[in-house]
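Below, each chain spelled out in residue letters.
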Amino acid sequence: MKISSKNTKIAICGLGYVGFPVALLFAEAGFEVIGVNRSGEKIKLINRGGSPIEGKEPGLKELIKKVRKSGLFTATTDETAYKDADIVIVAVETPVEDDTHEPAYRALKAALTSIGRNLRKDALVIIESTIAPGTMENIVKVILEQESGMEVGQDFMLANCPERLMPGHLLENIINYNRVIGAQDEKTTDTVKSLYKYIVKGKLDTTSWVTAEIVKAGENAYRDVQIAFANEMALLCEAMGADVWQVRDLINECKRKGETRFEALRQMHYPGAGVGGHCLPKDSWLLVYGAKGLIEPQIIPLARKINNFMPKHVFDLLSESFKQANKDINKAKIVVLGYAYAGNSDDSRNTPTEALIKLLGETQATVVIQDPFVKEYKTSLDKSLKGAHAIILMADHDQYKNINYNKLKRLMKTPRIVIDGRNVFSKDKVLKAGFIYKGVGNI
Ligand SMILES: NC(=O)c1ccc[n+]([C@@H]2O[C@H](COP(=O)([O-])OP(=O)(O)OC[C@H]3O[C@@H](n4cnc5c(N)ncnc54)[C@H](O)[C@@H]3O)[C@@H](O)[C@H]2O)c1
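For clarity, every value in this text was computed on a predicted model and none was experimentally measured.

Thoughts on the side chain of Lys438
- Looking at the element boundaries, Lys438 is found in strand S13 (residues 436–439).
- Here Gln324 takes part through its side chain, which lies 2.9 Å from a polar atom of the side chain of Lys438.
- Leaving out residues up to four positions away in the same chain, Lys438 has contacts with Leu317, Glu320, Ser321, Gln324, Val418, Ile419, Asp420 and Ile443.

Here's what the structure looks like:
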């Protein structure tokens, strides 16, 4: 297939945090793009030139308007749209089951079934979703061949090119991150490379399906394990009366004169109130699942356990603060700042705040959640804070970084407890202003 923005049609299956910006960038590059998504409401919004993604996403709202105007991007729920596509990119969700942590591939399997049934001869299918190692060979290839009656390598091409973006930086990340392309033959590798060159400025590395799968799940498991280490250090610092943020700075200073932080051998991650999002909490499990029956990973599941414990730890810091103040938590108003899992994003999938809310729900306290980016919790900050006995910061949204401590003091009631899960507040200033303060890793 000769890739040219003039005569190559692209279908994107799944218009979420990944598929939506990818579709817009290909349309901006001049390709005719059709986005296929199950939800009719989302399709209507997109076709009106709206963005289904809230939060600070530089350039996204402008880009959807631009590509809708150009006529190069349309969205539909009609799965027969794959029939006209030279290239189909799959970006559907790939969660894990709550109890077994095994992949819950319902969306992926349904997507592959309808793509297979409508696949053109000589088309190229690319999986951008994050999948467990072995999924390309054992699930993707099998379903596509079964449903299309065609053979990979002979009648159509199949590759994976896992996405690397973070909500809050969607377009910038797609454009600038290096990418890994997994393919099993030279023709497919070259075709995928020539396609992504239209939207990616980063390096395009090429390898096999399984290596690309391991790289993607592995890079997120790496972060999860590193964050677990930082969280364990936070607990250790609290117990020993040290400030984990100072400890972290000094550990990361272990480098030669002139060496940048990227060259340094030690790069301790941030501790915090927990790990959330669609990816980190489940990609570790996807990696573990890939190795099932071969080896039993130890450190990755342990990291999951440590990170899952952090919202409970935040709750414990709150309970201790009430005890210290000799006040009954059950009669208090507690304000949770930030429902999304990440700063300046609306993404609340697997948010650690949910686990915290559950624990708060076991008390009789009045709990108010405020988040400037999440629809259900977009109440005025001042109104939410009024009369609060305690606040718990769970997401480092910019709005919280500018809170004036004197004003906060006026709005809140004694004992005025501040629990900082993201190192947003200045401990010294908060204490000076007369609050009770406990931060993760610095109490
Ligand atoms: N969100 C991230 O930060 C991120 C980053 C890198 C990789 N990923 C991976 O990319 C994939 C997609 O993640 P996301 O965050 O965009 O998910 P998402 O839930 O935001 O979007 C998925 C979309 O696919 C749609 N969908 C599901 N089944 C479908 C089907 N059969 N046909 C058509 N549409 C269907 C859903 O309705 C939804 O709109 C996942 O595998 C994820 O792990 C996500």
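Read on for the rest.
As for helix H11 (residues 299–325)
- Relative to the 39 Å expected for 27 residues at 1.5 Å per residue, H11 spans 38 Å between its end C-alpha atoms, a close match to the ideal helical length.
- At Met310, H11 shows its largest bend, some 35°, and a proline, Pro311, comes one to four positions later.
- Positioned one or two residues after H11, Asn326 has a phi angle of 60°, which is positive.

Description of the site of the ligand
- Taken together, 27 residues sit near the ligand, with Val18, Asn37, Lys42, Thr94 and Lys282 positioned nearest.
- At 2.9 Å from an oxygen atom of the ligand is found a main-chain nitrogen or oxygen belonging to Thr130.
- Here the ligand has 820 Å² of accessible area as a free molecule, and 93% of this is covered by the chains.
- By residue class, the composition of the shell around the ligand is 12 nonpolar, seven polar and eight charged.
- Viewed by domain, the shell around the ligand spans two of them, domain 1 (9–207) and domain 2 (217–303), each represented by three or more residues.

Quick look at unusual backbone geometry
- A cis amide bond, omega 15°, links Thr414 with the succeeding residue Pro415.
- Assignment of secondary structure puts Pro415 in the loop between helix H15 (405–411) and strand S12 (417–420).
- Although it is not a glycine, Asp122 adopts a positive phi angle of roughly 70°.
- You can see Asp122 is positioned in the loop between helix H4 (106–117) and strand S5 (124–127).
- Notably, Asn344 is not glycine yet its phi reads approximately 60°, a positive angle.
- Structurally, the position occupied by Asn344 is in the loop between strand S9 (333–337) and helix H12 (352–361).

A closer look at the sheet that holds strand S10 (residues 366–370)
- On the basis of which strands lie adjacent, the open sheet formed by five strands has the order S10-S9-S11-S12-S13 and parallel pairing. The open sheet is flanked by S10 and S13, the only strands paired with a single partner. Along the sheet, successive strands turn relative to each other by an average axial angle of 15°, direction set aside.
- Direction of pairing for strand S11 (residues 390–393) relative to S12: parallel, over a ladder of four bridges. Note that in S12 the partner of Ile391 across the bridge is Val418.
- Lying over the sheet, H11 contacts S9, S11, S12 and S13, oriented at roughly 160° with respect to S13.
- H12 contacts S9, S10 and S11 of the sheet and is inclined by roughly 175° relative to S9.

A closer look at the nonpolar core
- Counting residues in each nonpolar core, the largest one holds 42 residues, and the members touching the most others are Phe26, Phe73, Leu195 and Tyr196.
- Residue contributions to this core peak at seven residues, all from helix H1 (residues 19–28).
- Among all residues touching Leu195, those that are not within four sequence positions of it are Ile3, Ile10, Phe26, Phe31, Ile87, Ile89 and Ile126.
- Listed in part, the 39 residues of the second largest apolar core include Cys13, Tyr105, Ile115 and Val140.

Here is what the cut-offs are and how they apply
Residues numbered from 1 in each chain as written. Predicted model: local features only at pLDDT ≥ 70, side-chain atom pairs only at ≥ 80, totals over all residues. Heavy atoms only, no water. Helix = DSSP H or I, 4+ residues; strand = E, 2+ residues; numbered from the N terminus. Polar contact = N/O pair within 3.5 Å; in protein donor to acceptor, adjacent residues only side chain to side chain. Contact = heavy atoms within 4.5 Å. Expected span 1.5 Å × (residues − 1). Bend = angle between axes of the 7 residues up to and from the residue. Near = heavy atom within 4 Å. Areas by Shrake-Rupley, 256 points an atom, 1.4 Å probe, with all protein chains shown as cover. Nonpolar A, V, L, I, M, F, W, Y, C, P; charged D, E, K, R; others polar. Domains from an automatic or database assignment. Pairing = 2+ DSSP bridges. Axes fitted to C-alpha atoms, helices over the stretch in contact; angles between N-to-C directions. Core = buried A, V, L, I, M, F, W, Y, C linked by side-chain atoms within 4.5 Å. Buried < 20%, exposed > 50% of the residue type's maximum accessible area, 1.4 Å probe, protein only.

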